[in-house]
Amino acid sequence: MSVINARPNLLAIEALQGAQADRILELGVGSGWALQELARAVKHGRIWGIDQSADMIALAARRNHLWTHRASVSLARAKFEALPFPSESFDRILAVNVAYFFGSDGRAFREARRVLRPQGRMVIYVSDRATLANWPFAGEDTHRSFDRDELIAAIEDGGFARNEITVEPVSLPFGVSGLLGTVVRQP
Ligand SMILES: C[S@@+](CC[C@H](N)C(=O)[O-])C[C@H]1O[C@@H](n2cnc3c(N)ncnc32)[C@H](O)[C@@H]1O
């Protein structure tokens, strides 16, 4: 993974505080790099990862072969808007560089809230609108972009209360500015 992508993933994993968690879900695993970091950090819990792309699931499975072999990591092809898990299944949810693809109808955040346990924590990272504007591959036609208030509003649209949400600006190498969101679901 490039340094540009590694740094936000590491930041988000740290904010997730998942080392002692029992059940962790990553939304949009891509190549599976963060899953591998999580699998190394988590002491005894199990980790699930989903992605809509069969190619990404295959790549992530290859990278995490050891962990899937030990059954500490499971992968599924699924969409953010229809997670194949019962309600209140997870203690932690990691969502790095994926909210660009969450529709404005709030379904993806609602699904995340549904599968998150009370007291569970979700961490979201996006590069902010100013940074995306410098990336030709991340135009408004393919990527939803956010400033801080818009990310908070999008999380609220998913049913989280304002007092459950913290969003902090973060400065990363190579002039990247991002938003790190933490949501702790109240009972
Ligand atoms: C920019 S990549 C981020 C991957 C990884 N989290 C990272 O930070 O490197 C976004 C991922 O989300 C997946 N994706 C996009 N829309 C999705 C959807 N509606 N449901 C599930 N996965 C989706 C893509 O296939 C891709 O693997």
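Everything that follows concerns the structure shown earlier in this document.
Residues numbered from 1 in each chain as written. Predicted model: local features only at pLDDT ≥ 70, side-chain atom pairs only at ≥ 80, totals over all residues. Heavy atoms only, no water.

K.L.:
Just give me the short version of the pattern of salt bridges, but keep the residues and values in it.
P.N.:
Applying the stated criterion to the full structure yields six salt bridges. Of the charged contacts, one joins Glu-37 and Arg-40 as a salt bridge, the two residues approaching to 3.2 Å between their closest N and O atoms. In this pair, Glu-37 and Arg-40 are both assigned in helix H2 (residues 33-41), three residues apart and thus about one turn of the helix distant. Using a relative accessible area of 22% as the deciding quantity, one classes Glu-37 as partly exposed. Its relative accessible area of 51% is what places Arg-40 among the exposed residues. One salt bridge connects Arg-114 with Glu-111, and the closest N-O pair in it is separated by 2.7 Å. Within this pair, Arg-114 and its partner Glu-111 are both found in helix H5 (residues 107-115), separated by three residues, close to a single helical turn. Look at Arg-114 and you get partly exposed, because its relative accessible area is 26%. Judged by its relative accessible area of 12%, Glu-111 falls in the buried class. (Salt bridge = Lys/Arg side-chain N within 4 Å of Asp/Glu carboxyl O. Helix = DSSP H or I, 4+ residues; strand = E, 2+ residues; numbered from the N terminus. Buried < 20%, exposed > 50% of the residue type's maximum accessible area, 1.4 Å probe, protein only.)

K.L.:
Any chance you could break down the packing of aromatic side chains for me, citing the residues and the numbers?
P.N.:
Evaluation of the coordinates by the stated rule reveals six aromatic pairs. Pairing Tyr-100 with Phe-101 gives two aromatic rings, centres 5.9 Å apart and planes at 90 degrees, and the pair type is edge-to-face. Look at Phe-101 and you get partly exposed, because its relative accessible area is 42%. The interplanar angle of 15 degrees and the centroid separation of 5.6 Å between the aromatic rings of Trp-135 and Phe-137 together place this pair among those described as stacked. Here the aromatic residues Trp-48, Phe-85 and Phe-90 are joined through ring pairs into a cluster of three or more. Residue placement shows Arg-23 over the ring face of Phe-90; its charged tip is 5.7 Å from the ring centre. Residue placement shows Arg-113 over the ring face of Phe-160; its charged tip is 5.7 Å from the ring centre. (Phe/Tyr/Trp six-rings, centres within 6.5 Å; stacked < 30°, edge-to-face > 60°. Lys NZ or Arg CZ within 6 Å of the ring centre and 35° of its normal.)

K.L.:
Can you tell me about the environment of Ala-154, naming the residues and giving the values?
P.N.:
Mapping Ala-154 onto the fold places it in helix H7 (residues 148-157). The class for Ala-154 is buried, based on a relative accessible area of 3%. Remark: the alpha-carbon pair of Ala-154 and Ala-108, spanning 46 residues in sequence, is separated by 9.8 Å. Not counting residues up to four positions away in its chain, the partners in contact with Ala-154 are Phe-109, Arg-144 and Phe-146. (Contact = heavy atoms within 4.5 Å.)

K.L.:
Which residues make up the site of the ligand, and what values do they have?
P.N.:
What surrounds the ligand is a group of 18 residues, the closest being Gly-28, Asp-51, Gln-52, Phe-80 and Val-96. A distance of 2.8 Å separates a nitrogen atom of the ligand from a polar backbone atom of Gly-28. Taking Gln-52, its main chain carries an N or O atom lying 3.1 Å from a nitrogen atom of the ligand. Protein contact buries 83% of the 610 Å² of open area that the ligand shows by itself. Placement of the ligand is best described as lying within the largest pocket. Residues that form the shell around the ligand fall into these classes: seven nonpolar, seven polar and four charged. (Near = heavy atom within 4 Å. Polar contact = N/O pair within 3.5 Å; in protein donor to acceptor, adjacent residues only side chain to side chain. Areas by Shrake-Rupley, 256 points an atom, 1.4 Å probe, with all protein chains shown as cover. 1 Å grid on protein atoms, 1.4 Å probe; cavity = no way out; pocket = protein on both sides within 12 Å on 5 of 7 lines; lining within 4 Å. Sits in = over half its atoms within 2 Å of the grid points. Nonpolar A, V, L, I, M, F, W, Y, C, P; charged D, E, K, R; others polar.)

K.L.:
How would you sum up the nonpolar core? Please name residues and give values.
P.N.:
With 61 residues, the main nonpolar core has Leu-25, Leu-27, Ile-93, Met-122, Ile-124 and Ile-155 as its most contacted residues. Every residue in contact with Leu-27, bar those within four places of it in the chain, is listed here: Ile-50, Phe-80, Leu-83, Ile-93, Leu-94, Ala-95, Val-98, Phe-102, Ala-112 and Met-122. (Core = buried A, V, L, I, M, F, W, Y, C linked by side-chain atoms within 4.5 Å.)

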